[in-house]
Amino acid sequence: QVQLVESGGGLVQPGGSLRLSCAASRSIANIDVMGWYRQAPGKERELVAGITGGGNTNYADSVKGRFTISRGNAENTVNLQMNSLKPEDTAVYYCNLNRRSFGDNYWGQGTQVTVSS
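If you're wondering where the values come from, they're calculated on a predicted model, not measured in any experiment. (Residues numbered from 1 in each chain as written. Predicted model: local features only at pLDDT ≥ 70, side-chain atom pairs only at ≥ 80, totals over all residues. Heavy atoms only, no water.)

### Description of the state of the cysteines
- Under the counting rule described, the total for this entry stands at one disulfide.
- Here C22 is linked by a disulfide to C95, with a sulfur-sulfur distance of 2.0 Å. Residues C22 and C95 share a disulfide whose torsion about the S-S bond is about -85°; that sign makes it left-handed. A residue pair is termed long-range when its members are at least 10 positions apart, and C22 in strand β3 (residues 18-24) and C95 in strand β9 (residues 91-99) qualify at 73 residues.
- When its relative accessible area of 0% is taken as the criterion, C95 is described as buried. (Disulfide = S-S within 2.5 Å. Helix = DSSP H or I, 4+ residues; strand = E, 2+ residues; numbered from the N terminus. Buried < 20%, exposed > 50% of the residue type's maximum accessible area, 1.4 Å probe, protein only.)

### Thoughts on the pairing of strand β5 (residues 46-52)
- Taken across its seven residues, β5 has five buried, putting it largely inside the fold.
- Direction of pairing for strand β4 (residues 33-39) relative to β5: antiparallel, over a ladder of six bridges. What sits directly across from R38, in β5, is E46.
- Bridge analysis of β5 against strand β6 (residues 57-59) gives three bridges, and the strand direction is antiparallel. From the neighbouring strand, A49 faces β6, where its bridge partner is Y59.
- Counted between consecutive antiparallel strands, the loop separating β5 from β6 contains four residues, among which G55 sits at a positive phi close to 100°. (Pairing = 2+ DSSP bridges.)

### Topic: the packing of aromatic side chains
- On inspection of all chains with the given rule, the structure shows two aromatic pairs.
- Arranged with centres 5.0 Å apart and planes meeting at 70°, the rings of Y37 and W107 form a pair that is edge-to-face. Taken together, the residues Y37 in strand β4 and W107 in strand β10 (residues 104-107) connect sequence positions 70 residues apart.
- Here Y37 falls in the partly exposed class, since its relative accessible area comes to 24%.
- Relative accessible area serves as the criterion here: at 38%, W107 is assigned to the partly exposed category.
- Three or more aromatic residues joined by ring pairs make a cluster, and in this case those are Y37, Y94 and W107. (Phe/Tyr/Trp six-rings, centres within 6.5 Å; stacked < 30°, edge-to-face > 60°.)

### Focus: the side chain of R38
- Topologically, R38 is positioned in strand β4.
- Within the local environment of R38, its side chain forms a polar contact with the side chain of S62, the two groups lying 3.4 Å apart.
- There is a polar contact of 2.9 Å between the side chain of R38 and the side chain of Y93.
- In this structure R38 touches E44, R45, E46, V48, S62, V63, F67, E88, D89, A91, V92 and Y93, once residues within four positions along its chain are discounted. (Polar contact = N/O pair within 3.5 Å; in protein donor to acceptor, adjacent residues only side chain to side chain. Contact = heavy atoms within 4.5 Å.)

### Notes on the pattern of salt bridges
- Scanning the model with the defined rule gives five salt bridges in all.
- Among the ionic pairs, D89 bridges to R66, the shortest N-O distance being 2.7 Å. Taken together, the residues span a long stretch of sequence, with D89 in the loop between β8 (77-82) and β9 and R66 in the loop between β6 and β7 (67-71) at a distance of 23 residues.
- We classify R66 as buried; its relative accessible area is 10%. (Salt bridge = Lys/Arg side-chain N within 4 Å of Asp/Glu carboxyl O.)

Set out below in structure tokens:
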């Protein structure tokens, strides 16, 4: 079993920045993927960005050039730097760990991001 602890989020004005962090309670293998998903009211959960233990990244088209996912100082952490935020980025953001090494999948509790003036 793996626990994911998220931090960050909150209320920010359009054009502002926020940083989300997620820490896993176990180490991450190179083939495992940590990432962030988001779910806005009335919409399906969607991938925002992901990063493998080896450092390969992928992003949703809607956030490319504005968001950056990176590994934290500890090998089991991941950060999401969100710049130039837009009202349509408003959602609950969930940390996800896909452990390809074990064939299991975990979710954080979610953190609210609200972009509004």
